[in-house]
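# Survey of secondary and tertiary structure
Below, each chain spelled out in residue letters.
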Amino acid sequence: MALPFVMVLPLLIIVAAGVYYIYNEVTHYMSKSLVRNKVVVITDAVSGVGTECAQLFHKAGARLVLCGMSWDKLESLFDSLTTDADPRETFAPKLVILDFSDMDSIEDVVAEVLECYGCLDVLVCNSSVKLKAPVQSTSLEMDRNIMDINYFGPSTLAKGVLPTMISRRSGHILLVNSIQGRLAIPFRSSYAASKHAAQAFFDCLRAEVEEYGIIVSTISHTFINASDPVGEPAPKRNALAAFIARQMTHGLRPSVLANEVMQTGWRAGASACLVLSCEDYSGGINALNMMHSVSEWVNEPCIKQHIWRIV
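Read on for an overview of the structure. (Residues numbered from 1 in each chain as written. Predicted model: local features only at pLDDT ≥ 70, side-chain atom pairs only at ≥ 80, totals over all residues. Heavy atoms only, no water.)

Next up on the list: the pairing of strand β5 (residues 171-176). Each regular strand carries side chains that alternate between the two faces of the sheet. Within β5, 6 of the 6 residues are buried, leaving the element largely enclosed by the surrounding structure. Side chains of β5 alternate between two faces, with Gly-171, Ile-173 and Leu-175 and His-172, Leu-174 and Val-176 buried alike. Relative to β5, strand β4 (residues 122-125) runs parallel, the two sharing 4 bridges. Counted as the bridge partner of Val-122 is His-172 from β5. Handedness of the β4-helix α5 (residues 140-168)-β5 crossover: right-handed. Alignment of β5 against strand β6 (residues 214-221), held across 6 bridges, turns out to be parallel. In the strand pairing of β6, Gly-171 is matched with Ile-214. (Buried < 20%, exposed > 50% of the residue type's maximum accessible area, 1.4 Å probe, protein only. Helix = DSSP H or I, 4+ residues; strand = E, 2+ residues; numbered from the N terminus. Pairing = 2+ DSSP bridges. Right-handed = clockwise from strand over helix to strand, strands pointing away.)

Residues Leu-120, Leu-123, Ile-173, Phe-202 and Leu-205 are the most contacted members of the largest nonpolar core, which totals 35 residues. Of all the secondary-structure elements, those providing two or more residues to this core are β1 (39-42), β2 (63-68), α4 (106-117), β4, α5, β5, α6 (189-209) and β6. Counting residues per element, this core draws most heavily on α5, at 8 residues. Not counting chain neighbours up to four residues away, the residues in contact with Ile-173 comprise Leu-123, Ala-158, Leu-162, Met-165, Phe-202, Leu-205, Ile-215, Val-216 and Ser-217. By size, the runner-up hydrophobic cluster in this structure holds 26 residues, among which are Val-35, Val-40, Ala-45 and Cys-53. (Core = buried A, V, L, I, M, F, W, Y, C linked by side-chain atoms within 4.5 Å. Contact = heavy atoms within 4.5 Å.)

Here's what the structure looks like:
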């Protein structure tokens, strides 16, 4: 006798949830085992996402090179990673000062990074600076600073490590970008422009270096709810700005994004990932609804985006 539909549906949901759980556990285990002994460089390792990434890769046995602007913060992160760590299972991280606002120093930074282990397997470009301001209030100097940190810095660093990866015919360059590298919202003109530029650069790079066995991935996340934008002006809020601010209380947690970085780091065929709030699903939906509402508000064509992951 066939089971009624009311009983079949819950069973299907339970089975699907079980399969999804097993898949997550398997991929998490594989990502940890496949990064062991790999040389992983993380930029802006002292940020919320960078610290979470450092902890995951360190526990998985990767040889870390942690980059950041503050030596004191890097040392503090070093202490937190090495305290109570098993030296038989983990490696003490190497520390390198990196400031993307000082483009003249990038060449020396590349040399210092390569001197740590003589090569690198994974480069995680995580550095980013945010700005929320009306277009007319944003100076050219601020525009250039944002472009240096969000676009010229990561692209120049990637160019610097490419010869080593090409000679070894292996390597993985991973850009932690933003959904605003694909979509744009008001009061984020400079930030969205820099993220669009970075997205285009790494998309082109992916096609160019594929023949050398080098993988290039991008992760485009929604708003991160654990940290405030750095050094952003406080323009007078109108109704639209207040609406956007309310929606930004939702978003992606750094630990969830770091886990995605870890999993993307070992995917052999990863091309690009679009990650919305996995842990707080409603946050991702609200972020997309916000963009849809904004597009209607400013009389632009309706933009509908779905939650997807391209692999």
